[in-house]
Amino acid sequence: MKLDPVDYAVISQALLAAAREMGTKLVRSAFSNIVREARDASCAILDAAGNIVAQAEMVPMQLGSMNTTLRACLDLYPAHTLCADDFLVNNHPFQGGQHLQDVFIFRPVVIDGRVIAFSGSTAHHLDLGGGSAGLNVAATDVYQEGLILPPMKFSLSRDWNGGIFERLVAANIRVPDQTLGDFNAQFASVAIGIERVGQLCRKYGTQAVEAAMAEFIDYSERRLREAIRAIPDGIYHGSDAGDDIERKGEPLWIHAKLTVSGDTIEIDFEGTCDQVARNINSPIASTQSAVMSCIKGALLGDDVPFNEGSFRPVTVKVPFGSILNPRPPAPVRARMLPCYRAWGAVMKALAKALPERAIAPGFDNTLVTCLAYQSSSGRYRVCLETFGGGFGASVGQDGADAVAAPLSNTTNSPVEAIDMNFDYFRIVEYGLNAESCGLGKYRGGLGIRRTYLILQDGVDFSLYGDRFEIAPDGLAGGSGGTTCRAELIRDGQAIEVDLKQGKRLMKGDRVVIRTSGGAGFGNPRDRNSDLIERDIDQGYIKAAVAAVTYR
Amino acid sequence: MRVGIEVGGTFTDLIALDDGDKVIVAKVPSVPGRPDDGAFAALAAARIAIDQITDLVHGSTIATNAVLERKGALTALITTEGFGDILLIQRQDRERVFQLAYRKPDAVIERRDVIEVGERILANGAVETALDIERSAAQILDALRKRPYEAVAICLLNAYANPAHEQAIAQRIRDALPTLHVSCSHEISREFREYERASTTALSAYVQPIIDRYLSRFEERLAREGFRGRFSFMQSNGGRLSAKAIRNNSITALFSGPAAGVAGAIRQVAPSGYSNLITFDMGGTSTDVCLVTQGQPVVAPETRIDGLPIRTPVLDIATVGAGGGSIVWQDSGGMLRVGPQSAGASPGPACYGRGGQAPTLTDAHLIRGTIRADAFLGGRMKLDETAARRAFEPLASALGLSVQEVADSTVRLADANVVRAIQLISTELGRDPRDYVLVPFGGAGPLQAGRIAEDLGIDRIVVPQNAGVLSAFGLLAADYTVYETATRRIPLTESTPGEVRDTLKRMRDSLRKRLQEAGLCGVTRHAYVLQMRYVGQAFEVEVPLDDDDLSHLSVSWLAERFAEANQRLYMHGGGAGLAGRNIEFVGFRASAAVPENCGALPPSEVEAPRETTTRMIRENRSMRECTVLTRTVIRSRGDSAGPLLVEDDLATVFVPSGWYASEDSAGNLILQRDKTS
């Protein structure tokens, strides 16, 4: 069908608007702090073949898995066999998914008896069962991480709202009020997507909408191919390393070989370290998401929609059994950690190809804390928080201070919201982690400090994160940022928190989290003296350090 | 004599009404950085004797510009120990998700200007760590004397629940440093979420000295010329407030311009019998749209300026970068785009002949034939069609289309941008645009309204007369309004209706007091909003109430209203999964308005007669013969079938085919769609 260019522009923008509306409403009607305050959720409209057309750009990491999770469902339940009341669900890390907590839900858009699109959403669920409430850092396989929902088809009217699927989920989780509430928010957002696509079909005709979806995907592909053509052909290498948390004597190395040829990019992770026994393994879909987010960020920024077309010019090869493509049933909860190192390796390779587009390494990390408490009545409560840190500096400006890392975009939970909802701990300090940035012509962004005061005996604290041993390294002559730290202060004694296992806390304990500042870019001697003075004046860096570095 | 003066970025508009039916209109260039000079120039141009003015209403971008240019007062922030970086950390997220060289919105208060005090109040208002006022006051005053501060913002954790510590600190500062402007978070925005409250308080403090100086200068100048009337200022919530009161509530002076347009539109179409409106104000660089239900514009609890949140009731106006000066371009993926870049007033569209080379929406209209080169602004400004065509040629050859086709596509794309903005404030909030009439104004609104209405399924358009000075008129038409908000968590149980009623009555009394202090009495209209949610949710659904509703509040009635609102917004209210969930109140909002008895403008003077002609235009993908006529002709002819171009001195109305135009007894142009076409 020949599509009028204006109709195309209108329909494609309306599909984007629909995805954004789904995302906003999912967050606003959700129940857990991780979705409603931190916005750890994403939404998309996909075509009948499971290709992403339009997404609400919320959490980049989740965006790249909308297609793989849906396709795993469609392999079992082809689109033409579905009816309007069906929903598909999948959270399986080894069948297109990420970690179990991200549950993907899809429903078909059925027009005149034919499936023409899918409306999908995902949200990070607070607790999906597993070895401990909220987060089981000690899991040695995926079964200990929670309830696995393989690609499945259910009937919304029959199986939710008191039906079998809802009861099965409810029976396996610790905080059903919040988790089921968040499932409901997902279902509601999916219903909005169906409604909006239906409205477009009624107005412009189903064929025009289908043609616009196809063209929108082609459009993103063209934009990316054009950006790739601007990179000189060649082979570029980048490596990054994660903390040696298993004490094997060397860091977790990720090696990326980036081959640019015409308008395509191939990324090969040959030589990357083997999978590990702990939860720091990344399912292949997560690895692909991380790589795509890096390429999109460096080459296109925000102007071009992130959809199926963005994937086409890029091939990602990952050795099976490596930390970026583990064998089942490896535990994968902290898959963001190797993902960030894959992101970093690709960014370093891109920095060689396109120095003006890349940024220096930053906090680039997911640092998650979990505070869980079971009251004497047996009721569980869980608070999950994700931390931001400093961005790396770039060729033309300082890195941003205290922001969510590049593969995420979660917000902080307001301290007053925590005061309102949790009585077993309190935030007593939340500020910039001064002096944490790397220096250079442009400095890195500052990290964050946040301190928890525990108010009850028996609060279970756990966290995961990277950069506790290896700090972000500087680019083009800039210096590196700092490492992250997590300290428990008990009876006036400070001890480093053991990342490998959860810790039972006592009333009066304090936990201080400090996140990395970003690395600097360029020679510090080229830094503008006004900027140096401002940094000292505002207390971002120490005068003594500046005197040495910038002399 | 009543006078409204609206100072915009490019022009200052004045409208004056005397006790009879006489309307004086003046338009003069604004003076950059000196909005008051523009205002007095407008008074001079209109030959108005200042001592004859009984009521002067002013709207100005002074506060907005102070923030956008970061030229507000040197301001300090006092906050709870451990949380001094609140304005810098913000909410930790990025506005542009994939941007690597990301820059956060700059806070209006720097880190070195933050003073932390030891104290902690909890969510229930209990004092966890008491404030040592003697020690803190000494430390604060010492810090405040170190730099030439003009203002101080105080925002302590959980002060919305218990303002005692903020009050104690404010008192000490006022006693010791009486010239300093002090803004407390519990007075500016008494709601939970510390960053949003602190940002609002900081912005309010930051613009307060600017507003204060500006109004003082304005009042002195008025006094010198013998002014004895009332002087009030427009607010972002759509109402006005006395200049005296606005000095203590400067945050409401932001974004007053778009709000004035809405107030003017409501008043101007009321005599035509319409109260459900979608106002559509399309100017040179952007378009503002607002939904008005039963004469009341929708109020949003929060807005943003330059990325910084402002938590205070404002008219829910959606803005898109689509206006007459919007630049048309093709992106690297081949997609045709309109805006948000604008050629502005200078150099302006290519057809202005002031050196603009880029094709704009105005150029597109000229090429299509929907603007006539010799009839723009009543013929006072000649347009250069050759220049417009030249500007469009590169795009046309890149797209493989004719210049006319690209021009037509441009207008349709601009329509689509506006349609999306309107969906944001209607469909996405569960309101059906078909239940509303479209009210276009501003230079370009009436040209685009027809096809936009069709896209939204709207069958009737009301083009107000004097559409070009509607914002200035809106100042005179605006009621006096004050708002109060409060965060207070109350579960919905048998005893709640009484508690809710008491809370709202207390807020009503406090509003009454504020109106009295501002010298206003008489009939007051009250409206209330309950902010409700299911226990466990973080965002509230708003349930509106009026005074009558207060007398019959019951648990089931409240629960039903909440479920309706939830279903409308989120398609989330009816599910069985939510049926058993507990409901709670989180916040309350109350407003009081003293209505201003201002009628609509009297019908405009009869324009100079112009010949009725026809011309060929390209519109909506085909060539059409279009009649060109004046409003006067429509007035005498009655129902006239489109396509028509109705030209007057300020704007051109385009009536597409399938629509009929007529003028009603109130002097407004009514466009009605023939549903059979």
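Here is what the cut-offs are and how they apply
- Residues numbered from 1 in each chain as written.
- Chains lettered and ligands numbered in written order.
- Predicted model: local features only at pLDDT ≥ 70, side-chain atom pairs only at ≥ 80, totals over all residues.
- Heavy atoms only, no water.
- Helix = DSSP H or I, 4+ residues; strand = E, 2+ residues; numbered from the N terminus.
- Contact = heavy atoms within 4.5 Å.
- Areas by Shrake-Rupley, 256 points an atom, 1.4 Å probe, with all protein chains shown as cover.
- Buried < 20%, exposed > 50% of the residue type's maximum accessible area, 1.4 Å probe, protein only.
- Lys, Arg positive; Asp, Glu negative; His and termini not counted.
- Charge placed at Lys NZ, Arg CZ, Asp CG, Glu CD.
- Axes fitted to C-alpha atoms, helices over the stretch in contact; angles between N-to-C directions.
- Parallel < 35°, antiparallel > 145°, perpendicular 65-115°, else oblique.
- Left-handed = near helix turned anticlockwise from the far one by under 90°.
- Nonpolar A, V, L, I, M, F, W, Y, C, P; charged D, E, K, R; others polar.
- Core = buried A, V, L, I, M, F, W, Y, C linked by side-chain atoms within 4.5 Å.
- Phe/Tyr/Trp six-rings, centres within 6.5 Å; stacked < 30°, edge-to-face > 60°.
- Lys NZ or Arg CZ within 6 Å of the ring centre and 35° of its normal.
- Salt bridge = Lys/Arg side-chain N within 4 Å of Asp/Glu carboxyl O.
- Pairing = 2+ DSSP bridges.
- Buried area = accessible area lost by both parts, 1.4 Å probe.
- Domains from an automatic or database assignment.
- Polar contact = N/O pair within 3.5 Å; in protein donor to acceptor, adjacent residues only side chain to side chain.

*Asks:* Tell me about the overall build of chain B, and name the residues and values.
*Replies:* From N to C terminus, chain B includes 19 helices and 35 strands. Principal axes of the C-alpha set define a box for chain B whose edges measure 80 × 65 × 55 Å. In chain B, the proportion of contacts linking residues at least 24 apart, taken out of those at least 6 apart, comes to 67%. Counting every atom, chain B has about 25100 Å² of accessible surface; 48% of that belongs to carbon and sulfur.

*Asks:* Go over the overall build of chain A with me, naming the residues and quoting the values.
*Replies:* Counting its secondary structure elements, chain A contains 14 helices and 19 strands. Taken along its principal axes, the extent of the C-alpha atoms in chain A is 70 × 65 × 40 Å. The burial tally for chain A puts 67% of its 551 residues in the buried class. Within chain A, residue pairs in contact and separated by at least 24 positions form 73% of the contacts whose partners lie at least 6 positions apart. With the model as given, the accessible surface of chain A reaches about 17400 Å², and the carbon-plus-sulfur share is 50%. A distance of 1 Å separates the average location of the 55 positive side-chain charges in chain A from that of its 64 negative side-chain charges.

*Asks:* Which residues make up the packing of helix 1 (residues 5–28) of chain A against helix 7 (residues 176–204) of chain A, and what values go with them?
*Replies:* Residue and element names in this part refer to chain A. Across the interface, helix 1 lies against helix 7 with an axial gap of 8 Å and an inter-helix angle of 160°. Taken together, the axes of helix 1 and helix 7 are roughly antiparallel relative to one another. The two elements helix 1 and helix 7 meet at a crossing, and its hand is right-handed. Facing Asp7, Val10, Ile11, Ala14, Leu15, Ala18, Glu21, Met22, Lys25 and Leu26 of helix 1, the residues of helix 7 in contact are Ala185, Gln186, Ser189, Val190, Ile192, Gly193, Arg196, Val197, Leu200 and Tyr204. Taken together, the residues that form the contact of helix 1 with helix 7 break down as 13 nonpolar, three polar and four charged.

*Asks:* Talk me through the nonpolar core; I want residue IDs and the actual numbers.
*Replies:* Counting residues in hydrophobic clusters, the biggest one holds 238 residues, and the most contacted among them are Phe118(A), Ile267(A), Phe269(A), Leu299(A), Val346(A), Phe425(A) and Leu438(B). With 13 residues, the top contributor of residues to this core is helix 11 (residues 336–353) of chain A. Beyond its immediate chain neighbours, meaning those up to four positions away, Ile267(A) contacts Ala256(A), Lys257(A), Leu258(A), Val291(A), Ile295(A), Val314(A), Thr315(A), Val316(A), Lys317(A) and Val346(A). Ranked by size, the runner-up nonpolar core spans 88 residues in total, among them Ala42(B), Ile62(B), Ala63(B) and Leu87(B).

*Asks:* Just give me the short version of the packing of aromatic side chains, but keep the residues and values in it.
*Replies:* Within the structure shown, the criterion is met by 23 aromatic pairs over all chains. Ring centres of Trp160(A) and Phe183(A) lie 5.4 Å apart, and the angle between their planes is 40°; on these two criteria the pair is classed as tilted. Of this pair, Trp160(A) sits in the loop between helix 5 (156–159) and helix 6 (164–171) while Phe183(A) sits in helix 7, and the two are 23 residues apart along the sequence. Note on accessibility: Trp160(A) and Phe183(A) belong to one class, buried. Consider the rings of Tyr534(B) and Phe562(B), whose centres lie 4.9 Å apart with planes at 70°: the pair is edge-to-face. Placement of Tyr534(B) in strand 26 (residues 525–534) and of Phe562(B) in helix 17 (residues 555–570) is noted, with a sequence separation of 28 residues between them. There is no split in this pair, since Tyr534(B) and Phe562(B) are both buried. In this structure, Lys296(A) packs its charged tip against the face of Phe98(B), placed 4.8 Å from the ring centre.

*Asks:* Before we move on, can you summarise the pattern of salt bridges with the specific residues and values?
*Replies:* What the rule picks out here adds up to 88 salt bridges over all chains. For Glu429(A), the salt bridge goes to Arg449(A), with nearest N and O atoms at 2.9 Å. On the criterion of sequence distance, the pair formed by Glu429(A) in strand 13 (residues 425–433) and Arg449(A) in strand 14 (residues 447–454) is long-range, its members being 20 residues apart. A residue is classified by how much of its surface remains accessible, and Arg449(A), at 25% relative accessible area, is partly exposed. Notably, a salt bridge pairs Asp55(B) with Arg240(B), separated by 3.2 Å at the nearest N-O pair. Of the two residues, Asp55(B) sits in strand 4 (residues 55–60) while Arg240(B) sits in strand 12 (residues 240–242), which places them 185 residues apart along the sequence. Like Arg240(B), Asp55(B) is buried. Bridged by salt links that share partners, the residues Asp218(A), Glu221(A), Arg225(A), Arg229(A), Asp263(A) and Arg312(A) form one connected network.

*Asks:* Describe in detail the pairing of strand 4 of chain B, supporting the description with residues and values.
*Replies:* Two faces belong to every sheet, and in a regular strand the side chains alternate between them. Residues and elements named next belong to chain B. The buried fraction of strand 4 is high, at six of six residues. Both faces of strand 4 are covered, namely the face carrying Asp55, Val57 and Gly59 and the face carrying Leu56, His58 and Ser60. The sheet contact formed by strand 1 (residues 2–7) and strand 4 spans six bridges and is parallel. When the sheet's bridge partners are listed, arginine 2 is paired in strand 4 with aspartate 55. Note: strand 4 against strand 11 (residues 230–234), four bridges, orientation parallel. Considered in strand 11, the bridge of valine 57 is made with serine 232.

*Asks:* Explain the sheet that holds strand 5 (residues 75–80) of chain B residue by residue, including any values.
*Replies:* Residues and elements named next belong to chain B. Reading across the sheet, the four strands line up as 6-5-9-10 and stay open at both edges, with parallel pairing between neighbours. In this open sheet, the two strands that pair with only one neighbour each are strand 6 (114–117) and strand 10 (181–184). This sheet shows a mean twist of 20° between the axes of neighbouring strands, independent of strand direction. Sheet topology places strand 5 next to strand 9 (residues 151–155); five bridges connect them, and they run parallel. The partner of isoleucine 78 across the bridge, within strand 9, is isoleucine 154.

*Asks:* Before we move on, can you summarise the interface of chain B and chain A with the specific residues and values?
*Replies:* Taken together, the 70 residues of chain B in the interface contact 90 residues of chain A. Taking both sides of the interface into account, the surface hidden between chain B and chain A amounts to around 6800 Å²; carbon and sulfur atoms contribute 53%. When the area that chain B buries against chain A is broken down by residue, the three leading residues are Gln92(B), Phe98(B) and Leu100(B), summing to 14%. Across the chain B-chain A interface, the total number found is seven salt bridges. Listed by contribution, the elements that provide at least two residues to the side of chain B that touches chain A are helix 3 (86–89), helix 7 (194–224), helix 12 (403–425), strand 25 (480–491), strand 26, helix 17 and helix 18 (576–579) of chain B. Examining the composition of the side of chain B that touches chain A, we find that five residues originate from one element, helix 12 of chain B, more than from any other. Broken down by class, the residue content of the side of chain B that touches chain A amounts to 27 nonpolar, 15 polar and 28 charged.

*Asks:* Tell me about the domain arrangement of chain B, and name the residues and values.
*Replies:* Residues and elements named next belong to chain B. Each domain of chain B was delimited in the assignment, giving domain 1 (68–212) and domain 2 (480–594). Computed over C-alpha atoms, the centres of domain 1 and domain 2 are 28 Å apart. The contact between domain 1 and domain 2 buries some 540 Å² in all, and 44% of this surface belongs to carbon and sulfur atoms. The three residues of domain 1 that bury the most area against domain 2 are Glu191, Phe192 and Arg193, which together make up 67% of that side's buried surface. At the junction of domain 1 with domain 2, the criterion picks out zero salt bridges. Across the domain 1-domain 2 interface, the total number found is three residue pairs in polar contact (both at pLDDT 80 or more). Class assignment of the residues belonging to the side of domain 1 that touches domain 2 gives a composition of two nonpolar, no polar and three charged.

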